[in-house]
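Structural overview
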Amino acid sequence: MTQSNNINSARSQVIPDPSLDENVGHYPTPEWQKFGAHQWHDSDLSDQLHQAMIDIGDGIELCVEAGGNPNHPPLLMVMGLGSQMIFWPENFIKRLIDAGFFVIRFDNRDIGLSSKVQIDGLPRISQLKMMMRLQTGLSNKSAQVAYNLTDMAEDTARLIKALQLGRTHLLGASMGGMIAQIVAARYPSLVQRMALMFTTTNRAFLRPPKPRQLYTLINRPESHSERDIVRHSVWFMKTVGTPGHVNVRMVREIAKIRYQRSFHPLGTVQQLNAILASGSISRYSKQVKAPTIVLHGSADGLLPASQGRVVAKTIPNAKFYLIEGMAHDIPEYYQPYMVNLISNHLLAQGS
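The structure contained in this document is the topic of the report that follows. (Residues numbered from 1 in each chain as written. Predicted model: local features only at pLDDT ≥ 70, side-chain atom pairs only at ≥ 80, totals over all residues. Heavy atoms only, no water.)

1. A word on the packing of aromatic side chains
If you walk through the whole model with that rule in mind, you get 8 aromatic pairs. Taking the centre distance of 5.2 Å and the plane angle of 80° together, the rings of W32 and F102 count as edge-to-face. One end of the pair, W32, is in the segment before β1 (41-42); the other, F102, is in strand β5 (residues 102-106), and 70 residues separate them in sequence. You'll find W32 and F102 in the same group, each marked buried. Plain terms: the ring middles of Y333 and Y334 are 5.0 Å apart, the flat faces sit at 85° to each other, and that makes the pair edge-to-face. Each residue in the set W32, F35, W40 and F102 is aromatic and connected to the rest through ring pairs, giving one cluster. The cationic tip of R109 hangs over the ring face of Y147; the distance from NZ or CZ to the ring centre is 4.9 Å. (Phe/Tyr/Trp six-rings, centres within 6.5 Å; stacked < 30°, edge-to-face > 60°. Helix = DSSP H or I, 4+ residues; strand = E, 2+ residues; numbered from the N terminus. Buried < 20%, exposed > 50% of the residue type's maximum accessible area, 1.4 Å probe, protein only. Lys NZ or Arg CZ within 6 Å of the ring centre and 35° of its normal.)

2. Description of the nonpolar core
As a rule of thumb, soluble globular proteins bury nonpolar side chains together. Counting residues in each nonpolar core, the largest one holds 53 residues, and the members touching the most others are V64, L149, L159 and L163. The greatest single-element share of this core, amounting to 8 residues, is contributed by helix α4 (residues 175-186). Excluding residues within four positions of it along the chain, L149 makes contact with M175, M178, I179, I182, A274, I275, S278 and I281. In terms of nonpolar packing, the next biggest core, distinct from the first, is built from 33 residues, M77, V103, L341 and L346 among them. (Core = buried A, V, L, I, M, F, W, Y, C linked by side-chain atoms within 4.5 Å. Contact = heavy atoms within 4.5 Å.)

3. A word on the packing of helix α3 (residues 149-162) against α4
As a packed pair, α3 and α4 sit with axes 9 Å apart at the nearest point and diverge in direction by 70°. As far as their axial angle goes, α4 and α3 are roughly perpendicular. For the pair formed by α3 and α4, the contact residues are L149, T150, M152, A153, T156 and A157 on the first element and M175, M178, I179, I182, V183 and R186 on the second. Of the residues assigned to the contact of α3 with α4, the class counts are 9 nonpolar, 2 polar and 1 charged. (Axes fitted to C-alpha atoms, helices over the stretch in contact; angles between N-to-C directions. Parallel < 35°, antiparallel > 145°, perpendicular 65-115°, else oblique. Nonpolar A, V, L, I, M, F, W, Y, C, P; charged D, E, K, R; others polar.)

4. Considering the packing of helix α2 (residues 127-135) against helix α8 (residues 265-278)
Between α2 and α8, the least distance of the axes is 9 Å, while the angle of their chain directions is 25°. The orientation of α2 with respect to α8, classified from their angle, is roughly parallel. In the crossing of α2 with α8, the sense of the turn from one axis to the other is left-handed. Contacts from Q127, M130, M131 and L134 in α2 reach V269, L272, N273, L276 and A277 in α8. Taken together, the residues of the contact of α2 with α8 break down into 7 nonpolar, 2 polar and no charged. (Left-handed = near helix turned anticlockwise from the far one by under 90°.)

5. Overview of the pairing of strand β4 (residues 74-78)
Burial analysis of β4 places 5 of its 5 residues in the buried class, which makes it a mostly covered element. What you see with β4 is no split at all: P74, L76 and V78 on one side and L75 and M77 on the other are buried throughout. Across 4 bridges, the pairing between β4 and β5 is parallel. By the bridge assignment for β5, L75 is matched with V103. In the classification by handedness, the crossover that spans β4, the intervening helix α1 (residues 90-98) and the parallel β5 is right-handed. In the sheet, β4 pairs with strand β6 (residues 168-173) via 4 bridges, with the strands oriented parallel. Directly across from L76, in β6, lies its bridge partner L170. (Pairing = 2+ DSSP bridges. Right-handed = clockwise from strand over helix to strand, strands pointing away.)

Written out as structure tokens, the structure is:
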């Protein structure tokens, strides 16, 4: 992914709206006014997108980026555990825009430039113990955590409302796919269609991660220096990424940008705690009414493909696509095929 030091897109301009107070909105083009009065400016991550801080209430602000034709169908992308929105590859974003979507991505709470959650007095939690309890069907609901997945789903629903998107398409990856399932179940009027990538229902007795990939959830960098964080990021992606398709130079670039943009390791810890404390989301998956496809790589060792099959079997009428050779990432090689599947499904006629 390339960092956008030279922005090629047109500079934002202030578009007056007589129904609003003067200068409350800053819009790339007049059409963006329909998304509400927000201060958009050029993204410092992508030359295709514009960025704004969106207040969704309860003291939470989300850093949001959007791009494409604002008159095209909106596609809200929900990222996974500990991952800033920069983990959506630049070329993947471009392909989705070219396919006819108005693309929106954002940093989840506790990650990137979005609001951080700090609650004093929370006890230390053994994540390994919680993983074992989850795997064997025991509840972690009594664990004191900062928030759970339903809180993160509420953030996503509030973002849809804050941007006045109406019924939108959801694309969720990994933890983001879990969040998307909850949003679709709890807010069916907000979700048109849904595509999920390498995700799970988080229920008990699913095939567990392979040991090497499981270790990525609990292993920590040697220090908090940029050098060690970048090294850890490269090791992580080599471990969970698609064999033969991990671009180490790009991984290093993204790791440096992520570190300099916002280094907040507590956020990843609290998001993992949210997953473990939430337990199975099958009750939500069963309630999803939005037409859904599930994409999963055959080489995924972090969330084995059988977990994706369970998602597709649990969501009514969902379709499952196994992508041979892909693991827990979005390699360039597979992007044309994936975008074709996603766009054909989301842009299909009907409800």
